[in-house]
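# Fold and contact review
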Amino acid sequence: MNAIAGFGALFAVLFFGVPLAFGLGLIGFTGFALMTGVLPAGAMSAQIAWDTLSSYSLSVLPLFVLMGNLVNHSGLSRDLYAASNAVVGHYRGGLAMATIVACGGFSAVSGSSLATAATMSQIALPSMRQYGYSDRLSSGAVAAGGTLGILIPPSVIMVIYGSMTETSIGKLFVAGILPGVLGILLYLGAVMIVTWRDPAAGPAGPRLSLRERWRAVADVWLVLGLFAVIIGGIYLGVFTPTEAAGIGATGAFLIALAKRTLTPRALAQVLFETVRTSAMLMAVLVGALIFSNFINIAGLPSQVVGFIRELGLGPTGVMLMLILFYLVLGCVFDSLAMILLTVPIFFPLVVSLGYDPVWFGILLVVTVEISLITPPIGMNIFIIRTIITDLPVGTIYRGVIPFIIADVLRLALILAFPALILFLPGQMSN
Amino acid sequence: MVFLSAAALLLFLMMVMTFVDVTGRYLLNQPLGFAFEMTQIMMAAMVFCALPSVTLRDEHVTAGLFDTLFRGRLRVARDALIAGVVAFGCGFLAWRLSFLAERFMTFGDRTSALRFPVGIVAWLGVACLGAAAVAGVVLLLGVVRERNAR
Amino acid sequence: ETVLRLNNWLPPGHRQMTGVIEPWMEQVAEATEGRVRIMPTDASLGAPPRQYDLAVDGIADVTVGVLGYTPGRFTLAGVAELPFVGETATGLSTALWKVHEEFFQEADEYKGVQLLGLYANATGHIMTGANVTPVRQIADYGGKKFRVGGGIVQEVNPALGGVNVAVPANEVYEILSQGIADGTLLPYEAYPSFNLTGVIGASTTVPGGLYSSTWFVVMNKARFDALPPEDQQAIMSVSGAALARLAGEAQDAAETEARAIMEADGVEMIVADEAFVSEARERLAALEAQWVDAAGRLGVDGAAALEMMRQEVAAVEGAR
Ligand code: NA
Ligand code: NA
C-alpha cells in the first residue's frame, strides 16, 4: 500500500517537472523516513550516494561516454555516414539504409541512444533532404537507427542493468551483438518495403566509383578497429568491461590526436561534456536507488511476486504480460527511468521463473528501445525535433511506424529463439 | 569552473590509469595494483565535482511531460519551486554525507593498497554538494529576477 | 513483540545466510520466547562495505558484514586473518571470540553498535586455473595473477610473489575462465558458491592456514539498549561465543562438502610441502609484526593476544 502511494506521488512529482534524480530521491527518502525515521532515511540517502558514485562497475559509464564523445569529435561519425553511403547509397532508399548502417556503426562506439540519434540526425538528415527524401522516411530512419545505441555494445543501459542485478556486464555486451545486427537487418527491410511502396519517398543516390567507395570505407576502419578491440577484448577475456572502457577511450583519444582534430580547447570541451553527462546519469541512478530502497523496505517486490504467482500464468504468460507492460509504460516513460524503477521489482520474479538474467536483460533493452520512438513521449523524436526544428512531430511519429513494426517482429523472434541472445555469451564461458 | 576542471582532469587521469594498468599487466606482468581502488575514489570525486555545474546549468534530466501546461506566472512559480527542491535536496544530502565523511575519518577508513584516506573524498563530496545547493539557489534567484524584469 | 530488520545483502541461498544467520535468527527467537524476531529484508539496503554503517545509522537493526571490506577501520579481529594462525573456521572463530573478550573488548573498536558476534572463514586455498601450472613450489607461485577479494589476502598474495587482480565478485568466474587471472585465493566453500566447476584445475592447501577473513554481526545501539534486560541477555546467550561456534561448525561443514565436490570434479588437491611452508612463513612474517604493531597502537598487547589465539586454535584443531 505504502509503495503504491509512493509510485503515485512519484508520478505527480515527475509530471510536475521535478528532475528525475530529485523526484526519485525525494519520494524515496520520504517513504523511507515514514517507515524508519528521518535520520536513518537521511543516512541511507547519503550512503547510497557514496556507494553508487564509488562503484567500480559503474566507472565504465563515464569512460564509454568519453569514448563516444571523442569519436564524434574526431569526425569519425561523419566518415561512418560517408562510408555507409558509398556502399548502399545508390540503391532505392539507399541514403536511409546508409543512415541505419551508420547508426549501427556509431552505436558500436557509443553507449547512448540519444547520442546516436543526435549525432546521426545532424549528419544524415540534411543530406537526405538534399536528395529529396520524404521527411517521414528520413526522420523515421534516424529515430529508429538511433535506438541501436543502447543495444549494440557498449551500452549505458546494460551497464546499469548489470550493476543493479549483478549480471555480468561483459556477457550482456556480447549478448547484445546478434539482436543488434538483427535490428539493423530488419530496419533495412523496413526501408526497402517503404520505398517499394512509395519509390518517391527515397530516390536512389548517386553511384560512386569503386575507387571512391574504397576510399570512403577505408576511412572508417579505425571505428571498426576500436569496436573490435573493446568488444573482442571482452569476448576473448583480454580485459574486463571497465578496462575495455578505459582502453576504448584511450584509443579514441589517440585517433582524435592522429587525425589532428583535437586542440587542447576541444579536448577540454569533450571532457566537460562527458563529466556533466556522467554526473547527470549518476544523479538519476542515486535517486532511483534511494527510491528502490523505499520500495524494498515496503516489501513490494515480494508482494508482486506473490500476486503474479497467484495469477497462475506460467513463465511464458508472465513474460508476455511484462513485455506488454513495458511497451505501454514506454509510451510515456524514459528508458532509463523504466529500467531503474522496474528492475528491482521484476528481476527477482523473472529469475524465479527460471529465465536467464542475461537473456532478460537484453530482452528488456530491446523492449525499452521501442519506448524511445513511441508517442507521445519518444526521446529520440524530441532530439530530432531540437536539431531540425521545422519538422512536425506528427511526421516523425508517422515515419517510425514501419520501424516499430520491425521492432515488434524482432521481439517475437527473440522470444521464439532465445539462442539469438544466448548463443554468443554461451561461447564465452567455455 | 574550478570544480568542473577538476572533474575533467580526474576523468582524463582515470582513462590513462586504466590504460596503463591493463598494458602493464600484459606487457610487464605488473599491473598498477591500485587501479581498482583509485578508479572508485576518482570516480566519486569526478561526479561530485561535476554536480555544481550540472545544477547551475539546469541540466538535470526531467520527464518534462506537461511543460506546456505551465505558462506565465504559473511557470515562474513552478520553476522557482523546482529550483528550491533541487537546492534543498543537494543541501540536505551534503549535510547527511558530512556525518558519513566524519565517520570515515574517525574510524580511519583507507583504500587497501595506497592507504588513501577515504574520508577526504567524502568531505570533497560534502563541499561539492554544498556548492550544488548554492547553484540551486542561484537558479532560484535567476527565475525570480527574470519574472520581475518582465 | 519486537521485530528487528536484518539487512540481507548476500546472494539468495548463500551459505552464510542459510548455514549461519538463519539458524542464529531462530535461536534468538527461541531464547527470547518469541519476544524478539529478526526479519531479513527483501533486498539489500546498502553495498557490502556499508553493512556496519547501516547498523550505526539504524537503517537496518542488525547487519552482517566482512571486516576487511573497510580497510583501516578495524584492526584487532585481524588476528584471526593472519597466516599460520589456524585452518578451520571452528578453531579460528571460537578462539577469536575468546581473545576478543580477553584482550580486545577494552579497546572499544566497535563504536556506535552492539557487537553480537565475530567469526572467521576457514583458511583460504591457492586455487589455480584449469590451464595453469598447479602451485607445488614457491617458484610456481611467482608471477601468477590471482583474483583477490578484500582484506589481508591483498597483502598475502604479493608477499608470496603473486600479482593482485581486483575484480568484483560477480566476475570471478569470467576472469578465471578467460584467463585474465591465473587463479584465486578462496576457501573451498567459494568453489560451489561462485560456480567454479571447470575453471579450477588444482587447489593447493597450506598446512597451518594461509589467511582468513572475519565477519561481524552487529546491532543498532539504540535498538539494543531499548530492549528489556532479559531479552538483551537472551540474545547475547546465543550470540558471542555461541554464534562463533555455530558459524565455525556450519562453515567447516560447508568446507567438507565443497571439497568433496571439487574432488568429484577432478580438481587436483595438493598439500604444500615443508619447503613451501617454511618459505611462505618467512615471506609472510612481516604481516604478523605489522598486526602486533597496530594492536599496540590501540593499547593491546598484540604478542600476547596472538599467542593466546594460537593456543586456543590449537586446542580446538588439535582435538579433531
Ligand atoms: Na552502443
Ligand atoms: Na515512448
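Below is a summary of the structure that appears in this document.

Rules used in this analysis
- Residues numbered from 1 in each chain as written.
- Chains lettered and ligands numbered in written order.
- Predicted model: local features only at pLDDT ≥ 70, side-chain atom pairs only at ≥ 80, totals over all residues.
- Heavy atoms only, no water.
- Pairing = 2+ DSSP bridges.
- Helix = DSSP H or I, 4+ residues; strand = E, 2+ residues; numbered from the N terminus.
- Axes fitted to C-alpha atoms, helices over the stretch in contact; angles between N-to-C directions.
- Contact = heavy atoms within 4.5 Å.
- Buried < 20%, exposed > 50% of the residue type's maximum accessible area, 1.4 Å probe, protein only.
- Arc of directions from axis to C-beta.
- Core = buried A, V, L, I, M, F, W, Y, C linked by side-chain atoms within 4.5 Å.
- Parallel < 35°, antiparallel > 145°, perpendicular 65-115°, else oblique.
- Left-handed = near helix turned anticlockwise from the far one by under 90°.
- Nonpolar A, V, L, I, M, F, W, Y, C, P; charged D, E, K, R; others polar.

Attention now moves to the sheet that holds strand β8 (residues 183-186) of chain C. Residue and element names in this part refer to chain C. The six strands lie next to each other as β7-β6-β8-β5-β9-β11, forming an open sheet whose pairing is mixed. Where the open sheet ends on each side, the last strands, each with one partner, are β7 (163-165) and β11 (268-271). Sheet twist, expressed as the mean angle between neighbouring strand axes with direction ignored, is 30°. Bridge count between strand β9 (residues 200-205) and β11: four bridges; the pairing is parallel. Bridge pairing in β11 places Thr205 opposite Val271. Where helix α10 (residues 240-264) meets the sheet, its contacts fall on β5 (125-129), β9 and β11, and the angle it forms with β11 comes to roughly 120°.

A few words on helix α9 (residues 229-238) of chain C. Every α-helical turn comprises 3.6 residues, leaving residues that sit three or four positions apart pointing alike. Residue and element names in this part refer to chain C. Within α9, the full set of buried residues consists of Asp231, Gln232, Ala234, Ile235 and Val238. Each buried residue of α9 lies within a common arc of 165° when the element is viewed along its axis, so the set occupies one face. α9 presents Pro229 and Gln233 as exposed residues on the side facing more than 90 degrees away from its buried surface. Those residues of α9 that are buried lie in contact with α1 (15-31), β2 (36-40), β4 (113-120), α8 (221-225) and α10. Two residues or fewer past α9, Gly240 is found with a positive phi of approximately 50°.

The next point concerns the nonpolar core. Ranked by internal contacts, the top residues of the largest apolar core, which has 212 residues, are Trp50, Met67, Met128, Phe291, Phe360 and Phe403 of chain A. Examining the composition of this core, we find that 20 residues originate from one element, helix α15 (residues 264-297) of chain A, more than from any other. With residues up to four places along the chain from it excluded, the contact list for Phe360 of chain A reads Tyr161, Met319, Leu322, Phe347 and Val350 of chain A. Of all hydrophobic cores here, the second largest spans 54 residues; its members include Leu115, Phe216, Ala272 and Met308 of chain C.

This next bit is on the packing of helix α11 (residues 177-197) of chain A against helix α21 (residues 393-416) of chain A. Axis angle and axis distance: for two packed helices, these are the angle between their axes and the distance between the axes, and together they describe the pair. All names here are of chain A. Remark: α11 packs on α21, axes separated minimally by 9 Å, with the N-to-C direction vectors making an angle of 140°. Taken together, the axes of α11 and α21 are oblique relative to one another. As α11 packs across α21, the resulting crossing turns out to be right-handed. In this structure, α11 uses Pro179, Leu182, Gly183, Leu186, Tyr187, Ala190, Val191 and Val194 to contact α21, whose residues at the interface are Pro402, Phe403, Ala406, Asp407, Leu409, Arg410, Leu413 and Ile414. A per-class count over the contact of α11 with α21 returns 13 nonpolar, one polar and two charged.

These values are about where atoms sit, not about what they do.
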